[in-house]
Amino acid sequence: MKVLIVGAGIGGSALALSLQKLGIDHLLLEQAPAFGDVGAGIQLSPNGVRVLETLGLKEKLARFCTEPDFHKYSVWDTGETILRTALMPRVRGAYGYAYYHAHRPDLIDALTSALDPRHLRLTTKIVAVGQDADVAWAEAEDGSRLEGDLLIGADGIHSLVREQVFKPDPPRASGYVTWRGVVDSAAIADLQIPISAYVDMGPRLSFVYYYVSGGRRLNWLALGQAHDRKRESWSQTASKEEVIAAFDGWYDRPKRLIEATDQPFVTALYDREPLDTWVSGRIALAGDAAHAMLPYHAQGAVQSIEDAWVLARTLQLNADDPTGALERFESLRYARANLMVQQSRSAERWYHLDNPEEVAARNERFRRNNDRFGGDFSPQQHWLYSYDADKAALGTDDEWRALPPWS
């Protein structure tokens, strides 16, 4: 069996590394001349770290990640924390793996540096894909044609594979943008910010921040509605004045972090409507190509990593029926990933409530949950973190599947 993978982002690279570990022939196709990623932060919950460590990245992750002690949800005007749920060290004891914060380029480097270059083609822009009774194929811009038994579109929210084989629908604009920046920790040392995962919630605006790069830098995201049109571009810059102005009336920490940033960036936020299916014969979608989601539950990359291992293991377990393996993969992953798409949309609303009565009700609910959980895990955390991708592929994840659905 030979698998063509279109796209070498986090999901595509994790899939290639999974296939490499399991001894399945593959070819990873990437249009860029070198690996790289935007200089932004990423959150890796234990359900994803489990896969990454299975792929041999345990020591690398420990070198460049940070471990937050709690998720902390706070109100915008005073900075009061109204909900705290457990992370380090309880998450390791409960699930066997850490909850990490990382810098995306560090994660991409960890994944791609372990790839066998014989199964990789950079500077290969795919312009057409298709299949017949015997093979799946991809045609590159230079005219070359690549063939395999299967083809996986791991080419992101603007997936060419999705457009050509499945449904040519445009990404859905959320109406929100995210400003972002990275700050050297030394520049904000006087703020004495503990290593936690922070969410500050305000009217039509939220602020998320956490340390990356082993604590040497702090990554922040401001999610809100811009006054002018923004492109969906991770290289689009913004002025500090523009971002700071959005936080007029807030407590001072967000402004201090923005002021200490050399250059903020901004991008419009999009996701995708769920497809009826991710599989068409010998071709399937994975990661953002299948289920691009908004960032409010920090699960976009982790769901792609889950996809990678479940798909690779399913192919190994069903090597005599490759197309049946793709259908099996979809049956194992479809409901979980698409539920995260919907829950991330819902979170956008409750992060950004501005009706005073709704805000008061949300804050009271958070305070009750804070007392209820006692700084331990929420049911939603347990639903996410207890997932074992290998057991899922084996069909032995009965314990996780018996959990109540996200509510």
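Scroll up to find the structure this text is about.
The notes below deal with the structure included here. Since this is a predicted model, take the numbers as computed values, not measurements. (Residues numbered from 1 in each chain as written. Predicted model: local features only at pLDDT ≥ 70, side-chain atom pairs only at ≥ 80, totals over all residues. Heavy atoms only, no water.)

1. Observations concerning the sheet that holds strand S11 (residues 150–153)
1) Next: Across the sheet, which stays open at both edges, the six strands sit in the order S7-S2-S1-S11-S18-S17 with mixed pairing between neighbours. Only two strands of the sheet have a single partner each, and these edge strands are strand S7 (120–121) and strand S17 (279–280).
2) Next: Here five bridges tie strand S1 (residues 2–6) to strand S2 (residues 25–29), and the two strands are oriented parallel to one another. When the sheet's bridge partners are listed, valine 3 is paired in S2 with histidine 26.
3) Next: Relative to the sheet, helix H11 (residues 322–351) contacts S11, S17 and strand S18 (283–285), its axis offset from that of S11 by approximately 25°. (Pairing = 2+ DSSP bridges. Helix = DSSP H or I, 4+ residues; strand = E, 2+ residues; numbered from the N terminus. Contact = heavy atoms within 4.5 Å. Axes fitted to C-alpha atoms, helices over the stretch in contact; angles between N-to-C directions.)

2. Section: the nonpolar core
1) Next: If you look at the biggest cluster of nonpolar residues, it comprises 89 residues, and the most contacted ones within it are Leu44, Leu61, Leu151 and Leu315.
2) Next: No other element matches the nine residues that helix H10 (residues 300–317) contributes to this core.
3) Next: With sequence-adjacent residues up to four places away left out, leucine 61 is seen in contact with Leu44, Val49, Leu52, Glu53, Tyr100 and Leu107.
4) Next: Of all hydrophobic cores here, the second largest spans 23 residues; its members include Trp179, Ile193, Leu205 and Trp220. (Core = buried A, V, L, I, M, F, W, Y, C linked by side-chain atoms within 4.5 Å. Buried < 20%, exposed > 50% of the residue type's maximum accessible area, 1.4 Å probe, protein only.)

3. Considerations on the side chain of histidine 101
1) Next: One can find histidine 101 in strand S6 (residues 100–103).
2) Next: Overall, histidine 101 belongs to the buried group, its relative accessible area being 0%.
3) Next: Within polar-contact distance, the side chain of histidine 101 engages the side chain of glutamine 43 at 3.3 Å.
4) Next: Contact partners of histidine 101, with chain neighbours within four places excluded, come to Ile42, Gln43, Phe64, Cys65, Thr66, Pro68, Ser196, Ala197, Tyr210, Tyr211 and Val212. (Polar contact = N/O pair within 3.5 Å; in protein donor to acceptor, adjacent residues only side chain to side chain.)

4. Details of the sheet that holds strand S10 (residues 145–148)
1) Next: The strand order across the open sheet built from three strands is S8-S9-S10, with neighbouring strands paired in antiparallel fashion. At either end of the open sheet lies a strand with only one pairing partner, and these are strand S8 (126–131) and S10. Averaged over all neighbouring strand pairs, the angle between strand axes comes to 20°, with direction disregarded.
2) Next: Strand direction decides the pairing type here: S8 and strand S9 (residues 136–140), joined by five bridges, are antiparallel. Bridging across to S9, glycine 130 finds its partner in tryptophan 137.

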